[in-house]
Amino acid sequence: MDENYLKYRKLKNSIFHFVILLVTILAVAMLFWLFFDIFKKGLPWLTQQFLSGYPSRFPKKAGVVPGLVGSVYIIFLTILFSVPVGLGCAIYLEEYAKNNRFTGFIKINISNLAGTPSIVYGLLGLAVFVNTFRFGRSILSGALTMSLVVLPIVIVASQEAIKSVPQFLRHGSYALGSTKWQTIRKIVIPTAMPGILTGIILSISRALGETAPIIMVGAYSFVSSLPENILDSFTALPIQIYDWTGRPQADFKGVAAAGIIVLMGLLLTVNAAAIVIRNKFQKSLD
Amino acid sequence: MFIMIRDMISKRLSERTSRMKLANTTAKNIFLFFALISVFTTIGIILSLFINSTGFFSKVSIVEFLTGTQWTPLFSDRHFGILPLVTGTLIITAGAAVISIPVGLCSAIYLSEYAKPKIRKVLKPFLEVLAGIPSIVYGYFALTAITPLLQSLIPQTEIFNAASGSIAVGIMTIPLVSSLSEDALRAVPDSLRHGALALGSTKLETSLRVVVPAAISGISASFVLAVSRAIGETMIVTIASGARPNFTLNPLESVQTMTAFIVQASQGDNPHGTTGFYALFAVGLVLFLITLIMNIISHSIVQKYRKEY
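Residues numbered from 1 in each chain as written. Chains lettered and ligands numbered in written order. Predicted model: local features only at pLDDT ≥ 70, side-chain atom pairs only at ≥ 80, totals over all residues. Heavy atoms only, no water.

Undergrad: Pulling in residues and values, what's your account of the overall build of chain B?
TA: Secondary structure summary: chain B contains 12 helices and 0 strands in total. When the helices and strands of chain B are placed in sequence order, the string is α-α-α-α-α-α-α-α-α-α-α-α. Computed over the C-alpha atoms, the radius of gyration of chain B is 27 Å, more than 25% above the 19 Å expected from 2.2 N^0.38 for a compact globule of 309 residues. Across its three principal directions, the C-alpha atoms of chain B cover 100 × 70 × 35 Å. The long-range fraction of contacts in chain B, counting pairs at least 24 apart against all pairs at least 6 apart in sequence, stands at 70%. Carbon and sulfur atoms make up 67% of the accessible area of chain B, which amounts to about 14,600 Å² in all. In chain B, 23 positive and 15 negative side-chain charges are present, and the distance between their average locations comes to 13 Å. (Helix = DSSP H or I, 4+ residues; strand = E, 2+ residues; numbered from the N terminus. Rg over C-alpha atoms; globule rule 2.2 N^0.38 Å. Contact = heavy atoms within 4.5 Å. Areas by Shrake-Rupley, 256 points an atom, 1.4 Å probe, with all protein chains shown as cover. Lys, Arg positive; Asp, Glu negative; His and termini not counted. Charge placed at Lys NZ, Arg CZ, Asp CG, Glu CD.)

Dropping the structure here:
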């Protein structure tokens, strides 16, 4: 009887092992299904015309250029706004702030911002940047809104990176008579650079794919000329994909899939670049 | 002569020191200001939602808003009862949780307790990629791949339906549950596992009766975060689940979530100053408060049950 009970328990263990392995593989299989499906639908539409053309009412003439240009503008400005602020905030919290209630409040506030849906940031952007500051439905409004969306990502990644800088490096710097700011500038930030870069790359990826906030601040889906300055109206790659997906003609579904392939290609490039840059930094430190 | 030179040097040095000190305080103040920007953001969100909602609540009573079962802001016979949007959000969220929580937890247990390091190294990056795919892509996938599959299984499925949206949201939040739960499981010290195994437990018994209970705070926090993410998810449901505020719990019908309404209304003809425009912010306020409460819950779970090993 005991022997049988032991066998039963071992059998249960093996079954459990099999089931959770299967479930994990199933989750990974979803990824392959998704990639396969999108490539199958999108590849025929990924033509020269698509990569160099402008939006059109006809699927065969539709192009991705204004979306790409708009996304590049948004990403560039978002990084310009969010990185100094996010890094500064992380430096303050990790290097300067005393461990008191005020600091605790800022930390809880940041973790709450990280959990706030991006559409709520879109409402903030609509109320503040578009209507109150009167930046209108412009690249500037979109980029400011997006900066706030990615700010918690930059802060948290930079905080982790700064925390991982060993204490003896700081002490060495102080012992040589440096001020805190000199220590941060010359020792802490360079040492934390790989982690900070990871955060920046994560926020670029997020800003590339994030759709809801810039729909709210009024990105247009049909833009026939490229923006000339940051107060111009704009479109972005995910907005184009959204627009094509929603069109009734079946062919536009293929165009949307082609847009998704371009978007995922960009995401892959950015992340690959990140790994290369990070390895380079890490080597130079070692 | 010597004294003059000495004085000059010491003056230079003290000037330099005070310049360094000035730079030090300036830097500190600038960083403090940057840290405060995150607080300003929260204040900005709360103020813009509240102020614009007052324009709405001066026309519509709060009781009607919270208990009405009709949401028809664009019809001539206008009703502003948020319940259809809430039930829409509810089925999407429940459906997503039914997928993401069991699948996420199973993969977390597998990766942390069962998988050999080599297999873990292969599988984990794939799950992480799943988390990095933009929601617009999942929306497209839901509409063009999941919905046709559902329709071939159950013919009465509508083109826009809650089920396909919630499946996609579920897939998207699997990595959130699995990676946070896995972190929690891996944080459980090996001494506990060894103790259980030494008493003759199988790996299954060790995992489910010792390791999972020890990591329960991190695991449940990951569940709450996944649910909170599903509530706020926008593009998937806007694309795949339709735009019909439908007071129903039938997942095969078209529904509208709170987030999908916000997108729809911002694109339509709701000039600044109309009740329809302010309705955006009233719904946004409800959404923000719900996710805020969820965030606080997950935070306090982690705080309360934090175990010191």
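Undergrad: Break down a positive patch on the surface for me, with residues and values.
TA: There is a patch of like positive charges on the surface, built from R185 and K186 of chain A together with R16 and R19 of chain B. Mapped onto the positive patch, the elements with two or more residues apiece are α8 (180-209) of chain A together with α1 (2-57) of chain B. If you trace the backbone, R16 of chain B turns up in helix α1. For R16 of chain B, a relative accessible area of 47% translates into the label partly exposed. (Patch = residues over 30% accessible without salt bridge, like charges linked within 9 Å, V, L, I, M, F, W, Y side chains within 5 Å. Salt bridge = Lys/Arg side-chain N within 4 Å of Asp/Glu carboxyl O. Buried < 20%, exposed > 50% of the residue type's maximum accessible area, 1.4 Å probe, protein only.)

Undergrad: Before we move on, could you go through the packing of aromatic side chains and cite the residues and values that matter?
TA: All names here are of chain B. Evaluated as defined, the whole model comprises 20 aromatic pairs over all chains. Between the aromatic rings of F56 and F80, the centroid separation amounts to 5.2 Å while the plane-to-plane angle is 85°, which identifies the pairing as edge-to-face. Separated by 24 residues along the polypeptide, F56 in helix α1 and F80 in the loop between α2 (62-67) and α3 (83-114) bring together distant segments of the chain. Arranged with centres 4.9 Å apart and planes meeting at 90°, the rings of W71 and F261 form a pair that is edge-to-face. Taken together, the residues W71 in the loop between α2 and α3 and F261 in helix α11 (residues 258-267) connect sequence positions 190 residues apart. (Phe/Tyr/Trp six-rings, centres within 6.5 Å; stacked < 30°, edge-to-face > 60°.)

Undergrad: Go over the nonpolar core with me, naming the residues and quoting the values.
TA: Generally speaking, a soluble globular protein has its nonpolar side chains buried in company with each other. Judged by nonpolar contacts, the single largest core of 173 residues is most densely connected at W71, V137, Y138, I262 and L280 of chain B. In this structure, this core is formed jointly by two domains, domain 1 (3-45) and domain 2 (51-285) of chain A, each of which donates at least three residues. Once residues lying within four places of it in the same chain are set aside, the contact partners of V137 of chain B are L34, I38, I260, L263 and M264 of chain A. (Core = buried A, V, L, I, M, F, W, Y, C linked by side-chain atoms within 4.5 Å. Domains from an automatic or database assignment.)

Undergrad: Explain the domain arrangement of chain A residue by residue, including any values.
TA: Residues and elements named next belong to chain A. In terms of domain boundaries, chain A breaks down into domain 1 (3-45) and domain 2 (51-285). Spacing between the C-alpha centres of domain 1 and domain 2 amounts to 34 Å. Taken residue by residue, the interface counts 8 residues in domain 1 and 10 residues in domain 2. Between domain 1 and domain 2 the total buried area reaches about 700 Å² when both faces are included, carbon and sulfur atoms providing 90% of it. When the buried area of domain 1 at its contact with domain 2 is split by residue, I38, G42 and W45 rank highest and sum to 70% of it. Linking domain 1 with domain 2 are 0 salt bridges. The interface formed by domain 1 and domain 2 contains 0 residue pairs in polar contact (both at pLDDT 80 or more). (Buried area = accessible area lost by both parts, 1.4 Å probe. Polar contact = N/O pair within 3.5 Å; in protein donor to acceptor, adjacent residues only side chain to side chain.)

Undergrad: Now, about helix α4 (residues 117-132) of chain B: what can you tell me, with residues and values included?
TA: Its 16 residues give α4 of chain B an end-to-end C-alpha distance of 23 Å, which sits within 8% of 22 Å, the value for a rise of 1.5 Å per residue. Restricting attention to buried positions, one finds in α4 of chain B the residues R120, L123, K124, L127 and L130 of chain B. Elements that come into contact with the buried residues of α4 of chain B comprise α1 (2-42) of chain A together with α3, α5 (135-153) and α6 (162-186) of chain B. (Expected span 1.5 Å × (residues − 1).)

Undergrad: Go over the interface of chain A and chain B with me, naming the residues and quoting the values.
TA: If you look at the interface, chain A gives 74 residues, while chain B gives 75 residues. Here chain A meets chain B over a buried area of about 6,500 Å², counting both sides, of which 79% is carbon and sulfur. Where chain A touches chain B, the interface holds 1 salt bridge. The residue R9 of chain A makes a salt bridge to E205 of chain B at a minimum N-O spacing of 2.7 Å. Connecting chain A to chain B are 10 residue pairs in polar contact (both at pLDDT 80 or more). Examining the composition of the side of chain A that touches chain B, we find that 21 residues originate from one element, α1 of chain A, more than from any other.

Undergrad: Hey, could you go over the layout of surface pockets for me, with residue numbers and the actual values?
TA: Here the second largest pocket is characterised by a volume of approximately 490 Å³. Taken together, 23 residues line the second largest pocket, and the ones lying closest to its centre are L124, V128, F129, F133 and L148 of chain A. Element by element, the count of residues in the lining of the second largest pocket is highest for α1 of chain B, at 8 residues. For the lining of the second largest pocket, the class distribution of residues is 14 nonpolar, 9 polar and no charged. (1 Å grid on protein atoms, 1.4 Å probe; cavity = no way out; pocket = protein on both sides within 12 Å on 5 of 7 lines; lining within 4 Å. Points joined across faces, edges and corners; volume = space filled by probe spheres on them. Nonpolar A, V, L, I, M, F, W, Y, C, P; charged D, E, K, R; others polar.)

Undergrad: Requested: an account of the packing of helix α5 (residues 118-132) of chain A against helix α6 (residues 139-163) of chain A, with residues and values cited.
TA: Residue and element names in this part refer to chain A. Running from N to C, α5 and α6 point in directions that differ by 140°, and their axes come no closer than 9 Å. The angle between α5 and α6 falls in the class oblique. For the crossing formed where α5 meets α6, the hand is right-handed. Across the interface between the two elements, S118, Y121, G122, L124, G125, F129 and V130 of α5 pack against S141, L144, T145, L148, V149 and P152 of α6. Its residues assigned to classes, the contact of α5 with α6 comprises 8 nonpolar, 5 polar and no charged. (Axes fitted to C-alpha atoms, helices over the stretch in contact; angles between N-to-C directions. Parallel < 35°, antiparallel > 145°, perpendicular 65-115°, else oblique. Left-handed = near helix turned anticlockwise from the far one by under 90°.)

Undergrad: Quick one: what's the story with the environment of I155 of chain A, residue by residue and with numbers?
TA: Summarising the element assignment, I155 of chain A is placed in helix α6. The residues touching I155 of chain A, leaving out its near neighbours within four places in the chain, are G86, C89, A90 and I110 of chain A.

Undergrad: Describe in detail unusual backbone geometry, supporting the description with residues and values.
TA: Not every positive phi belongs to a glycine, and R134 of chain A is a case in point at roughly 60°. With respect to the element layout, R134 of chain A can be found in the loop between α5 and α6.

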